[in-house]
Amino acid sequence: MNAIVALCHFCELHGPRTLFCTEVLHAPLPQGAGSGDGPGRGEHAEEEEGGIQMSSRLRAHSPAEGASAESSSPGPKKSDMCEGCRSLAAGHPGYISHDKETSIKYVSHQHPNHPQLFSIVRQACVRSLSCEVCPGREGPIFFGDEQHGFVFSHTFFIKDSLARGFQRWYSIIAIMMDRIYLINSWPFLLGKIRGIIDELQGKALKVFEAEQFGCPQRAQRMNTAFTPFLHQRNGNAARSLTSLTNDDSLWACLHTSFAWLLKACGSRLTEKLLEGAPTEDTLVQMEQLADLEEESESWGSSEAGEEEKEGAEGREPTKCPVDSSLLSDCGNWQPRKLSVFKSLRHMRQVLGAPSFRTLAWHVLMGNQVIWKSRDADLVHSAFEVLRTMLPVGCVRVIPYSSQYEEAYRCNFLGLGPHVQIPPHVLASEFAVVVEVHTAARSSLQPAGCEDEPSLSKHEFVVTSGSAVAADRAGPTILSKVEAALTNQNLSVDVVDQCLVCLKEEWMNKVKVLFKFTKVDSRPKEDTQKLLSILGASEEDNVKLLKFWMTGLSKTYKSHLLSTVRSPMASEPRS
């Protein structure tokens, strides 16, 4: 993430000051910024965590180098700094972390070396500790502009027994030029920065309580005659943060935290180049992912509430009810084997052309496809291959169940060999059953599968209450899929791209039909004319379009409905 994270402090003598900042360097380090990566230059690795190698930028400076560096530094002069304004000791070059994965370097020092960056950080520091403050003076706030960057600021107090009001004012700020990215990162930054602040406040509170126990300052101040405040404290107005927290390795720890924060915040959001509008499959996948995240958050919050309630009552928190079969599966979990069925072409070779056509017809029509086998991996592999024929929103899978599930719950159902299927389902024209038996020794192996010893052990029987006649045309997309599978000049990857194009072509027809019938409410005669224009007037094509209509994304449906409800859509047609 192209950002700067900084720790700021409001000094009672010098006002707002930048104590410590970490920035991202994509280019090679500038001269004097580090000691190089090679050995023998005084740089030593401290630790490595999460792909980031932590190291201290130790370098022996000559007096001339130190003088020139101080004179050219954009930061405040040494005479304008007190112990409370200074983080690293004089001559300390700071810290650097090397990200081996991305070749990015995270550099920490008291002030940015670049004058323009120093000005941006300085202005953000002043605003975060003066005018841009949330109610209560402690908490997060967002401000900024296009010229000076956008800032996420979190102000907080640190206990100090010698300070006015027994506390000092600090802030942690994150500065970047991308406003949208920073706003989208608000929940992540708030949680992680709040954790850093809690740790600092916890350390400072221990020091504060120890000092108050040894020499209570409140009673001493009340008993002392009035004198000017700064003279009363005998020059103790400036105390460093390391003194307040009693942590000599504080700045190294802050560097580690800030470097990880920049890396993690930059990797959690990625940009994708979309050529054209997103497909319906992409929209449905995004909606399903959002639903899963929302469900997991609500489940986690409900668990926390129950544990807190039961803990208050003095009882042990009870675990959430989980199916025992799921627990046994988790206990015996093993990495899934390689796919049994490699592709649709491979499945067609295994099942044979007539059986595959029957199975594919039921899949495209939205009928329930039931596989019965002892091998759960084989069933899972079959469903992974067959689902590529349908839009993502039309797929409802129960990979392996110990009992029959109704068709409204799933259109792909895996069962054990001894699970009973209701008679009305076996006789229904809206279901197809694939039974996997152990093949007899004399049975012939399907053509083209001589190199598949695992499939040679099985025999596949495809049955349905409505057999698909060989001379029946079926939906148009089925004929095109079979033509692609039988064309040996097309590789498997090319066939996969053909499937993507065919699905997108028919999803466009589904969108037109949905708008025409569900949104515009056209009469039946007009619908028949539209189907003729779309080349989908046959019975099987109409059934396919109606089934695929259930796979449209909520985004597309809501967009159409909102368009219809708008004032422009309510105008009479000319």
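Thresholds applied
- Residues numbered from 1 in each chain as written.
- Predicted model: local features only at pLDDT ≥ 70, side-chain atom pairs only at ≥ 80, totals over all residues.
- Heavy atoms only, no water.
- UniProt positions renumbered as here; feature names shortened; annotations may be inferred.
- Pairing = 2+ DSSP bridges.
- Helix = DSSP H or I, 4+ residues; strand = E, 2+ residues; numbered from the N terminus.
- Axes fitted to C-alpha atoms, helices over the stretch in contact; angles between N-to-C directions.
- Contact = heavy atoms within 4.5 Å.
- Salt bridge = Lys/Arg side-chain N within 4 Å of Asp/Glu carboxyl O.
- Parallel < 35°, antiparallel > 145°, perpendicular 65-115°, else oblique.
- Left-handed = near helix turned anticlockwise from the far one by under 90°.
- Nonpolar A, V, L, I, M, F, W, Y, C, P; charged D, E, K, R; others polar.
- Buried < 20%, exposed > 50% of the residue type's maximum accessible area, 1.4 Å probe, protein only.
- Arc of directions from axis to C-beta.
- Core = buried A, V, L, I, M, F, W, Y, C linked by side-chain atoms within 4.5 Å.
- Domains from an automatic or database assignment.
- pLDDT = per-residue confidence, 0-100.
- Phe/Tyr/Trp six-rings, centres within 6.5 Å; stacked < 30°, edge-to-face > 60°.
- Lys NZ or Arg CZ within 6 Å of the ring centre and 35° of its normal.

An unreviewed UniProt entry annotates the protein chain as Folliculin originating from Neophocaena asiaeorientalis asiaeorientalis. Entered under Sequence similarities (unreviewed entry) in the UniProt record, the comment concerning the protein chain runs "Belongs to the folliculin family."

**Q** Hey, could you run me through the sheet that holds strand E10 (residues 368-372) in this one?
**A** Adjacent strands of a sheet pair through backbone hydrogen bonds, lying either parallel or antiparallel. One open sheet holds the five strands; their spatial order is E11-E12-E10-E13-E14, and the pairing between them is mixed. Single-partner strands in this sheet number two, and they are strand E11 (397-401) and strand E14 (458-464). In this sheet, neighbouring strand axes are inclined to one another by 15 degrees on average, regardless of whether the strands run parallel or antiparallel. Strand contacts of helix H12 (residues 353-365): E10, strand E12 (412-415), strand E13 (431-438) and E14, with the helix running at about 140 degrees to E13, the strand carrying the most contacts.

**Q** Where do I start with the pattern of salt bridges in this structure?
**A** Pairing is possible between side chains of opposite charge, provided their charged atoms come close. Overall, the coordinates contain 18 salt bridges when judged by the stated rule. The closest approach of N and O atoms between lysine 203 and aspartate 247, which form a salt bridge, is 2.7 Å. Placement of lysine 203 in helix H4 (residues 186-214) and of aspartate 247 in the loop between helix H7 (241-245) and helix H8 (250-268) is noted, with a sequence separation of 44 residues between them.

**Q** Honestly, the packing of helix H16 (residues 492-519) against helix H17 (residues 524-534) in this entry has me stumped. Any pointers?
**A** Each packed pair of helices is defined by two parameters, the angle between the axes and the distance between the axes. Viewed as axis vectors pointing N to C, H16 and H17 meet at an angle of 170 degrees, and their least axial separation amounts to 11 Å. Looking at the two axes, H16 sits roughly antiparallel to H17. For H16 against H17, the interelement crossing comes out right-handed. Here H16 contributes Lys509, Val512, Leu513, Phe516 and Thr517 to the contact with H17, which in turn contributes Asp526, Thr527, Leu530, Leu531 and Leu534. Grouping the amino acids of the contact of H16 with H17 by side-chain chemistry returns six nonpolar, two polar and two charged.

**Q** Just checking my understanding: could you explain the pairing of E13 for this structure?
**A** Consecutive residues of a regular strand have side chains that alternate between opposite faces of the sheet. As defined by bridge partners, E10 adjoins E13 across five bridges and the pair is classed as parallel. Within E13, the residue paired with isoleucine 370 across the bridge is valine 433. The sheet contact formed by E13 and E14 spans seven bridges and is antiparallel. Among the inter-strand pairings, valine 432 is bridged to a residue of E14, identified as serine 464.

**Q** Any chance you could explain the packing of H12 against helix H18 (residues 539-548) here in plain terms?
**A** Two numbers describe how H12 lies on H18: the axes approach to 8 Å, and their chain directions differ by 50 degrees. Looking at the two axes, H12 sits oblique to H18. On H18, the residues that touch Trp361, Val363, Leu364 and Met365 of H12 are Asp540, Lys543, Leu544, Phe547 and Trp548. In the contact of H12 with H18, the residues fall into seven nonpolar, no polar and two charged.

**Q** What is the right way to read the pairing of strand E7 (residues 139-145) from this model?
**A** Strand direction decides the pairing type here: E7 and strand E8 (residues 149-159), joined by seven bridges, are antiparallel. Among the inter-strand pairings, phenylalanine 143 is bridged to a residue of E8, identified as valine 151. Hairpin geometry of E7 and E8 is characterised by an intervening segment of three residues between the two adjacent antiparallel strands.

**Q** What exactly am I supposed to notice about the environment of glutamine 116 here?
**A** Positionally, glutamine 116 belongs in helix H2 (residues 115-128). We classify glutamine 116 as exposed; its relative accessible area is 54%. Glutamine 116 sits 32 residues away from histidine 148 along the chain, and the two C-alpha atoms are 9.6 Å apart.

**Q** Got a minute to help me understand H17 in this structure?
**A** Residue pairs spaced three or four apart in an α-helix point in one direction, given the helix's 3.6 residues per turn. Taken together, the buried positions of H17 are occupied by Thr527, Leu530, Leu531 and Leu534. For H17, the buried positions fall inside an angular range of 100 degrees around the axis, keeping them on one side. Exposed residues pointing more than 90 degrees away from the buried face of H17 are listed as Glu525, Lys529, Ser532 and Ile533. Those residues of H17 that are buried lie in contact with H16 and H18. Phi turns positive one or two residues past the end of H17, at glycine 535, with a value near 70 degrees.

**Q** Before we go on, may I ask you to explain the nonpolar core in this structure?
**A** The nonpolar side chains of a soluble globular protein tend to be buried, and buried together. With 58 residues, the main nonpolar core has Phe341, Met347, Trp371, Leu386 and Trp548 as its most contacted residues. The element contributing the most residues to this core is H16, with ten residues. Taken domain by domain, the makeup of this core includes at least three residues from each of domain 2 (344-439 + 455-472) and domain 3 (495-565). Listed in part, the 40 residues of the second largest apolar core include Tyr95, Ile197, Trp251 and Cys265.

**Q** Before we go on, may I ask you to explain the environment of aspartate 247 in this structure?
**A** With relative accessibility at 11%, the residue aspartate 247 sits in the buried group. Here the alpha-carbon distance between aspartate 247 and alanine 204, two residues 43 residues apart in the chain, equals 9.4 Å. Discounting chain neighbours no more than four positions away, the residues touching aspartate 247 are Lys203 and Thr242.

**Q** What is the right way to look at the confidence of the model for the protein chain in this model?
**A** Do not read the fine detail of predicted coordinates wherever pLDDT is low. Taken residue by residue, the protein chain gives an average pLDDT of 77. The fraction at 70 or more is 72%. When mean pLDDT is compared element by element in the protein chain, E12 scores highest at 94, while helix H10 (residues 324-331) scores lowest at 36. Every residue in residues 315-336 scores below 50 in pLDDT, and together they form eleven contacts with partners more than four places removed in sequence or on other chains.

**Q** Looking at this model, I keep getting lost on the packing of aromatic side chains. Mind explaining?
**A** Two aromatic rings, taken as a pair, are described by how far apart their centres are and by the angle between their planes. In the structure shown here, the tally under the stated rule is 13 aromatic pairs. Measuring from centroid to centroid gives 6.0 Å for phenylalanine 156 and tyrosine 170, while their planes differ by 20 degrees, and the two rings are stacked. Note that phenylalanine 156 is positioned in strand E8 and tyrosine 170 in strand E9 (residues 167-176), a separation of 14 residues in sequence. For the residue pair phenylalanine 156 and tyrosine 170, the accessibility class agrees, reading buried in each case. Measuring from centroid to centroid gives 6.5 Å for phenylalanine 514 and tyrosine 556, while their planes differ by 50 degrees, and the two rings are tilted. Of this pair, phenylalanine 514 sits in helix H16 while tyrosine 556 sits in helix H19 (residues 554-565); the two residues are 42 residues apart in sequence, bridging distant segments of the chain. There is no split in this pair, since phenylalanine 514 and tyrosine 556 are both buried. Taken together, Phe10, Phe157 and Trp169 form an aromatic cluster joined through their ring pairs. The cationic tip of lysine 159 hangs over the ring face of phenylalanine 208; the distance from NZ or CZ to the ring centre is 5.3 Å. When the ring centre of tyrosine 556 is taken as origin, the NZ or CZ atom of lysine 511, which lies over that ring, is 5.2 Å away.

**Q** Where do I start with unusual backbone geometry in this structure?
**A** Most peptide bonds adopt trans geometry, and most residues besides glycine take a negative phi value. Phi at serine 103 is positive, roughly 60 degrees, even though this residue is not glycine. With respect to the helices and strands, the residue serine 103 is situated in the loop between strand E5 (95-99) and strand E6 (104-109).

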